[in-house]
Amino acid sequence: MKYTVVKGTGIHRASIEQPDGTRKVIALFGKVKELAEKNIIFLDGKPATDMWIVLFPDQEASSHELVDLTACKDYIERHYQES
């Protein structure tokens, strides 16, 4: 699994290499505040915090709020191994 930062932001992505050599993004993650500022998530009146969340393309809802970057990576790896 490879982790990178989306250029010009604090938003991260997790990707995997597929058998044909291409990379597939399996998750985006970052601070709630920045994801909301970039209109990636909509808060519906909830506060924009400095907590972190993970977004998977195949799920409508995000993860629960996480404390930091390392917690997001751990969450992604657990989720990916289960699927």
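Refer to the structure presented above.
Everything numeric in this text was worked out from a predicted model, so none of it was measured.

How each quantity is defined
- Position labels on residues start from 1 in each chain and follow its written sequence.
- Two thresholds apply to this predicted model, a pLDDT of at least 70 for residue-level local features and 80 or more for giving and counting side-chain atom pairs, whereas whole-chain, interface and lining totals are computed over all residues.
- Each side-chain value is worked out from all heavy atoms of the structure, with water and hydrogens disregarded.
- Strands here are runs of E lasting at least two residues and helices are runs of H or I lasting at least four, both read from the DSSP assignment and numbered beginning at the N terminus.
- The cut-offs for exposure are 20% and 50% of the maximum accessible area for each residue type, with area from a 1.4 Å probe on protein chains only; residues under the lower value are buried, those over the upper are exposed, and the others partly exposed.
- Note on contacts: a residue pair qualifies if any of its non-hydrogen atoms lie within 4.5 Å across the two residues.

Trainee: An account of the overall build of the protein is needed here, citing residue identities and associated values.
Mentor: Along the backbone of the protein there are two helices and four strands. The N-to-C order of helical and strand elements in the protein reads β-β-β-α-β-α. Taking the principal axes of its C-alpha atoms as reference, the protein extends roughly 40 × 30 × 20 Å. For the protein, buried positions account for 30% of its 83 residues. When contacts within the protein are restricted to residue pairs at least 6 apart in sequence, those whose partners lie at least 24 apart make up 28%.

Trainee: Give a description of unusual backbone geometry that names residues and reports values.
Mentor: With a phi angle near 60°, Asn39 is a residue other than glycine that sits in the positive phi range. The phi dihedral of Asp44 is positive, around 50°, even though this residue is not glycine. Structurally, the position occupied by Asp44 is in the loop between α1 (32-37) and β4 (52-55). Judged by relative accessible area, Asp44 falls into the exposed class, the value being 74%.

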